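An overview of the molecular structure
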Amino acid sequence: MNNSFTLDRHNGKIMGVCAGLSNRTGLDVTLIRIAVVLMTLCALGPVGVVAYLLAGWLAAG
């Protein structure tokens, strides 16, 4: 397990955020992707999309 969050562009679908979180936490990437989609659709709405993009932008820099 890695000590810092980095994007995993090789295993990522869009920006590699969920794959990076999977590498960081050790959880299955599919579970993380499902959780992110459900949280965005059911609770966060546009804030979830902005948070995802912001996480990808911050980790890339």
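What this report covers is the structure whose coordinates are included nearby. Remember, predicted model here, so these are calculated numbers, not experimental data.

Conventions and cut-offs
Residues numbered from 1 in each chain as written. Predicted model: local features only at pLDDT ≥ 70, side-chain atom pairs only at ≥ 80, totals over all residues. Heavy atoms only, no water. Patch = residues over 30% accessible without salt bridge, like charges linked within 9 Å, V, L, I, M, F, W, Y side chains within 5 Å. Areas by Shrake-Rupley, 256 points an atom, 1.4 Å probe, with all protein chains shown as cover. Salt bridge = Lys/Arg side-chain N within 4 Å of Asp/Glu carboxyl O. Helix = DSSP H or I, 4+ residues; strand = E, 2+ residues; numbered from the N terminus. Buried < 20%, exposed > 50% of the residue type's maximum accessible area, 1.4 Å probe, protein only. Contact = heavy atoms within 4.5 Å. Core = buried A, V, L, I, M, F, W, Y, C linked by side-chain atoms within 4.5 Å. Axes fitted to C-alpha atoms, helices over the stretch in contact; angles between N-to-C directions. Parallel < 35°, antiparallel > 145°, perpendicular 65-115°, else oblique. Nonpolar A, V, L, I, M, F, W, Y, C, P; charged D, E, K, R; others polar. Left-handed = near helix turned anticlockwise from the far one by under 90°.

1. Re a nonpolar patch on the surface
Taken together, the side chains of Met39, Leu44 and Val47 define a hydrophobic patch exposed on the protein surface, amounting to about 280 Å² of accessible area. Along the chain, Leu44 falls in helix 2 (residues 29-44). On the basis of relative accessible area, Leu44 is assigned to the partly exposed category, the value being 37%.

2. Side note on helix 2
For helix 2, every residue scored as buried is listed here: Val29, Ile32 and Thr40. On its buried face, helix 2 is in contact with helix 1 (17-25) and helix 3 (46-60). At the C-terminal side of helix 2, Gly45 shows a positive phi close to 65°.

3. Observations regarding the nonpolar core
Core analysis: the largest hydrophobic core is formed by seven residues, namely Leu7, Val17, Cys18, Ala19, Val29, Ile32 and Tyr52. Within the residue set of this core, elements represented by two or more residues are helix 1 and helix 2. The element best represented in this core is helix 1, accounting for three residues. Dropping the residues within four chain positions of it, Ile32 is found in contact with Cys18, Leu21, Ser22, Thr25 and Leu27.

4. Considerations on the packing of helix 2 against helix 3
Two numbers describe how helix 2 lies on helix 3: the axes approach to 7 Å, and their chain directions differ by 140°. By the angle between their directions, the pair helix 2 and helix 3 is classed as oblique. Two secondary-structure elements touch here, helix 2 through Val36, Thr40 and Leu44 and helix 3 through Pro46, Val47, Gly48, Val49 and Tyr52. A breakdown of the residues in the contact of helix 2 with helix 3 according to their chemical character gives six nonpolar, two polar and no charged.

5. Observations concerning the packing of helix 1 against helix 2
Between helix 1 and helix 2, the least distance of the axes is 9 Å, while the angle of their chain directions is 125°. One way to sum up the angle between helix 1 and helix 2 is to call them oblique. Note that helix 1 runs across helix 2; the crossing there is right-handed. Taken together, the residues of helix 2 that come into contact with helix 1 (itself represented by Cys18, Ala19, Leu21, Ser22 and Thr25) are Val29, Ile32, Arg33 and Val36. Split by residue class, the contact of helix 1 with helix 2 holds six nonpolar, two polar and one charged.

Function cannot be inferred from these measures alone, as they are strictly geometric.
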